[in-house]
Each structure stands twice: as C-alpha cells, then as structure tokens.
Amino acid sequence: MKIALLYNQKPEPSASASRYESDEFAEWDAPETIEAVANALRERGEVVKIDCAPANLPRIVSTLLAEKPDICFNIAEGIGAPSREAQIPALLDMMGLRYTASDPATLCLTLDKARTKEVLSYHRIPTPAFSVVESQSDIEAFLNHDPRFPLIVKPLCEGSSKGIFERSVVSSPEELRRQAREAIERYRQPALIERFLSGREFTVALIGNGDGIEALPIIEVCFDHLPKESRKIYSYEAKWLWDDPSNPVEVFKCPAPIPQALADEIATMCKKAHRALRCRDWSRIDVRLDERGKPHILEVNPLPGILPNPDEHSCFPLAARMAGMDFNALINRVLDEALKRYGVAL
Ligand SMILES: Nc1ncnc2c1ncn2[C@@H]1O[C@H](COP(=O)(O)OP(=O)(O)O)[C@@H](O)[C@H]1O
Ligand SMILES: [Mg+2]
C-alpha cells in the first residue's frame, strides 16, 4: 500500500525566540510528530511525505499525481482563512483521492465554534449559551442586555488555545470590551462570548464511524497544579508555557476519576456530537461541567493534536495508551477506520 502523509511543518523558531513565544504556528506540527506518524505508517506500506506549505502547492499536486497513493493520511492544518483545515481535503476530493479524517464541510464547520454550537443545539446536545460580536456596536448591544459575568471571550475560529489567555475570562464590561476587541483586531475575526462554566473539564478521544464510534478512556484536565492565580482554564499559558517537558506539570488524569454514570453520560454525548457533525475516523471533543455538574460540549476537534512523546502530555495519544494502543497502533487504527469507511482492504 502507498500512503501519502500530508502535513504542515512548524517553521524553525528564530534563534532568539523561545519555542512558543508566538502563537502564530501553534497548530502546525513539529518535525518529530511528522516523523513519528510516518514511522507508524511505514508498518503498513510505503510512505510519501508531502509538506503542505502554501509555497509547495505545485509540488503537492505534482507529487500526488505522480505517486497515486492508495490513501492519504491527512494531518495538514492549512493556513489563513477559516477554510484552512479544509484546503487539503478539498484538493484531495478534487483529485479523487482517499484520505483519513473529516471532509471539507465538517472541517470548516468545526473551525467555527459558533456554527458548531448551532448544530449541537439543533441536536439538543448541551453547549454553553453564546453570542458572536463583530464590531464595537455589537459589543455595546451585547452589554445592553445586562449579561451575567463571568464570561469567556475567544476568537471564533482558532484552535490550540490560540487567543485564549488567562485574561479571556472576563468579569466586567470593561474586561469584555478589551477581550472582544482583541479577538476582532488582533485575530481579525469575530469574538465568541460564552457563558463561563466553572466545573471540571474533560476531553474525549473518539475513533470510528457510524455505529462503530468508540470513546477512548476520558481524560480529566486538572488545574490544581497551575499557578494559584490562574483562572482554571486550559489557556495558551497553561497549554504551552507552564507545561514544558523540562518542567512537567501534571495536567491530565486518564481515566478521569469520575462516577461511571457521569463517564457514560459524557461518552454518549460526545459520540452523538461526532455523528451530528459528521466527523470521520477520529475527533477529540472538549467538555466542561457547569456549576450543577452537568456536562456541556465546548468544541470539537476533527484533526486532533498528536504529540508522540508521552512527556509532552498530548491527549489523544494518552487516551489511546490507556486503551492499550501505543502511538503506532493509534495511527494505524485511524488508517484502518478510513479504509473500512471506503470499503477497501489494502
Ligand atoms: N465556556 C467555557 N467555560 C469555561 N472554560 C472554557 C469555556 N470555553 C473555553 N474554556 C477554557 O478554554 C480552553 C480552550 O477553549 P477551547 O474552546 O477548547 O479552545 P481551543 O480550540 O483553543 O482548544 C478550554 O480547554 C477551557 O479550559
Ligand atoms: Mg480545546
């Protein structure tokens, strides 16, 4: 079997900049991750690596045309517009090639957190109440309705905690104005204002399609070990700055120490969301409890992060390990789910 691995590799940081000083390329993959995925896929066939940086576009197309892969393993996050995660899948659809993970429609939809919540609401899947503001007058109109604080403000179409900082949890109109303006001006997109849920946080790794969707052991995201003054959210600071392999912080507990009934409720809710959003092969869904202990979906990630080094605390590989799958087994299980979906045995 010939497998094309499609990815975006993080640019080398400049010598003076620390690894995560800027969140500009937070979603792209490090060379070690790309090599680890390629290595796993080599257990199953010949692997052709394709760097999907925009400057390589002619080479992406010519390589795919020349190599004619049986299937593509897609982890490319794309660049720029809210269509970014869909760019490579749309190209692969145009070329009639098979690929792992979701199609362009799902990737565009889930990158827009508000659109995702609209679909979840239609399916009666709990998600925190929200508004979207795009301008100063939208912000003032929102404040005129006398909102209940605290709220959280996020850029509408980001991931990997880009644009979500400790200061994103706001407790006054002034703080809300500041954060909404930051999303609109710095991130050049609407701001999503959401009810802040004060309860525990979980993330659920899902694999499969249709009736065969499996929820891996639930991970609890713990905030006890973060600095005392922290807002108990998985912010950019918490994800990339305070948890460093050289100074590890215990952030994840897997399986989450929760009653079986709650674990079942969360797993059922997440499988329903994976189906409702037509995610394919795999996804990771973030969940948080409200003050009464009821779970809500925060967001759905159909291209989940997968850092291969266990010390880097990456959720999907951790949940897979708890389910008895090492990194290679996880990658090849996703490949198999895609092959099964296409109805081919290679
Ligand atoms: N409504 C909310 N209530 C409480 N915390 C939230 C809420 N929305 C987001 N957060 C916190 O912010 C983190 C990042 O938000 P999320 O929507 O998952 O963005 P990203 O796409 O960057 O992962 C979450 O893991 C959670 O800790
Ligand atoms: Mg998240």
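Computed from a predicted structure; not experimentally measured. (Residues numbered from 1 in each chain as written. Chains lettered and ligands numbered in written order. Predicted model: local features only at pLDDT ≥ 70, side-chain atom pairs only at ≥ 80, totals over all residues. Heavy atoms only, no water.)

Undergrad: Give a description of the coordination of the magnesium ion (ligand 2) that names residues and reports values.
TA: Around the magnesium ion (ligand 2), the donor atoms from the protein are D286 (OD) and E299 (OE), and they sit 2.0 Å away. A residue pair is termed long-range when its members are at least 10 positions apart, and D286 in strand β12 (residues 282–289) and E299 in strand β13 (residues 295–301) qualify at 13 residues. For the pair formed by D286 and E299, the shared burial category is buried. (Donors = N, O, S within 2.8 Å, 3.2 Å for Na, K, Ca; no water. Helix = DSSP H or I, 4+ residues; strand = E, 2+ residues; numbered from the N terminus. Buried < 20%, exposed > 50% of the residue type's maximum accessible area, 1.4 Å probe, protein only.)

Undergrad: Would you mind going over the site of ligand 1 in detail, with residue names and values included?
TA: In the neighbourhood of ligand 1, 21 residues make up the surrounding shell, with K154, S161, E194, E201 and Y234 lying closest. Between ligand 1 and the protein, one listed contact pairs an oxygen atom with a side-chain N or O atom of K113 at 2.9 Å. Across the complex, the protein chains shield 99% of the 540 Å² of accessible surface that ligand 1 would expose by itself. Elements represented by at least two residues in the shell around ligand 1 include exactly β5 (151–155), β7 (191–195), β12 and β13. A breakdown of the residues in the shell around ligand 1 according to their chemical character gives 8 nonpolar, 3 polar and 10 charged. When residues of the shell around ligand 1 are assigned to domains, at least three map to each of domain 2 (129–195) and domain 3 (198–342). (Near = heavy atom within 4 Å. Polar contact = N/O pair within 3.5 Å; in protein donor to acceptor, adjacent residues only side chain to side chain. Areas by Shrake-Rupley, 256 points an atom, 1.4 Å probe, with all protein chains shown as cover. Nonpolar A, V, L, I, M, F, W, Y, C, P; charged D, E, K, R; others polar. Domains from an automatic or database assignment.)

Undergrad: So what's going on with the domain arrangement of the protein chain? Residues and values would help.
TA: Interface extent is often summarised as the accessible area lost during association of the parts. With domains assigned, the protein chain is organised as domain 1 (2–109), domain 2 (129–195) and domain 3 (198–342). Distance from the C-alpha centre of domain 1 to the C-alpha centre of domain 2: 31 Å. The interface is formed by 6 residues belonging to domain 1 together with 9 residues belonging to domain 2. Here domain 1 meets domain 2 over a buried area of about 510 Å², counting both sides, of which 42% is carbon and sulfur. Applying the counting criterion to the domain 1 and domain 2 interface returns 1 salt bridge. Of the charged contacts in the structure, one is a salt bridge between R84 and E158, with a shortest N-O distance of 3.2 Å. (Contact = heavy atoms within 4.5 Å. Buried area = accessible area lost by both parts, 1.4 Å probe. Salt bridge = Lys/Arg side-chain N within 4 Å of Asp/Glu carboxyl O.)

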